[in-house]
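Chain by chain, the residues:
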Amino acid sequence: MIPSFLSSPRRARIRVPAPLMLLVAMFTLHTGSALAVTAFAHASPATVTWLRLTWAALLLLVLGGPSLWRAVRAATPRELGAVVILGTASAGMMLFYSEATARIELGTATSIEFLGTLVVAVAAMRRRRELVWIVAAVVGVVCLTRPWQSELDLAGIGFALAGAVCVVGYIVLTQRVGAGFGAVHGLALAMTVGALVTAPLGAPAAIAEPNLELIVFTLLIALLFPMVPFLLEMIALQRMSRTGYSTFSSLEPAVALVMGMIVIGQAPVTVQLVGMALVVVAGIGAARGDRSPRPAVPRSEPVRTRRHGTAPANAPGGGHTGAPLPEIVDRVRFPSAPADEGPHDREPERAA
């Protein structure tokens, strides 16, 4: 049994399920978000957001290495334009979310911002029976946000709604950029754009009164959000249908509620716990109902061909060797693969 197992590395290879990757991304993201709230006592949300984006951009640029610049030179104007829009949407999403969480509870801000994800899910819905999970998610979001509460901060709600608009662009453009550049390269470019976009709002205060402790602290937060969760999301988006991703993300308000309670002591009331249960049921139901083997945005054959011709198969970085990025990530981090790979999971055979 053991020799047979070792002689079949493709069968042994472990493939991390996309829903699990999203779940890890959510907990990482909202841990970073909760820690960021504690930083608002020392700097404005705009300054904290700019520092986080700058750290993420620098780290990802280093991680991308020389292959990143080859990818930029090989990119079409449309691909570069998509990166600029994604970076702007990501910056807006983070900035508006930070401004919202500085004024209202973490779970409430996340629930309102989730409406953007819900819009994408409804727009991409193709099976009527899946609408039941959308309805459950809507009811759960209402319970979590408690719109009947008169003490809600209208400015905070407004910032969260603006973040929801940015979420729509983030989801759509993340898929396109991830398919064209690969996760590390696409995210490095997007975070660089985001840092430049937010610099006029956040950089002046950070430069005028530098705070070394805050700078180091924002490095930690940048790893938790946006660097690690955005990378995981960009890879997962190429493995899940758009509807499956969007509806499974209905877990986010519940995760934010939990992390807000654990990290910064924002205790939920009974109706919020009911809402959390509803969105958890909706997320699990949507994940089980998503049977499509194809990603939301199929990888373009012309892009793969052009990339393959741009860099050799053993080029550093691995994001543009012709194989889909999730396959490359699996080979590097999990050097084995499941026996039941589908036709869309197998990498193309190469000559030795």
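Computed from a predicted structure; not experimentally measured.

Summing up the model confidence of the chain, the mean pLDDT is 76 and the portion of residues at 70 or higher is 73%. Residue range residues 1-12 is modelled with pLDDT below 50. Its contacts to residues more than four positions away, or to other chains, number 14 contacts. A low-confidence stretch, residues 296-352 stays under pLDDT 50, and its non-local contacts, those more than four residues away or across chains, total 112 contacts.

Packed helices, taken two at a time, are described by the angle between their axes plus the distance between the axes. At a minimum axis separation of 10 Å, helix H9 (residues 183-208) and helix H10 (residues 212-237) run at an interaxial angle of 130 degrees. With respect to H10, the element H9 is oriented oblique. Crossing hand, H9 versus H10: right-handed. On H10, the residues that touch Ala183, Val184, Gly186, Leu187 and Met191 of H9 are Pro226, Met227, Phe230, Leu231, Met234 and Ile235.

Another aspect to go through is the packing of aromatic side chains. As enumerated under the stated definition, the model contains three aromatic pairs in all. Taken together, a centroid distance of 5.0 Å and an interplanar angle of 35 degrees make the contact between tyrosine 170 and phenylalanine 230 tilted. Of this pair, tyrosine 170 sits in helix H8 (residues 154-181) while phenylalanine 230 is found in helix H10, placing the two residues 60 residues apart along the sequence. Like phenylalanine 230, tyrosine 170 is buried.

What counts, and where the lines are drawn
Residues numbered from 1 in each chain as written. Predicted model: local features only at pLDDT ≥ 70, side-chain atom pairs only at ≥ 80, totals over all residues. Heavy atoms only, no water. pLDDT = per-residue confidence, 0-100. Contact = heavy atoms within 4.5 Å. Axes fitted to C-alpha atoms, helices over the stretch in contact; angles between N-to-C directions. Helix = DSSP H or I, 4+ residues; strand = E, 2+ residues; numbered from the N terminus. Parallel < 35°, antiparallel > 145°, perpendicular 65-115°, else oblique. Left-handed = near helix turned anticlockwise from the far one by under 90°. Phe/Tyr/Trp six-rings, centres within 6.5 Å; stacked < 30°, edge-to-face > 60°. Buried < 20%, exposed > 50% of the residue type's maximum accessible area, 1.4 Å probe, protein only.

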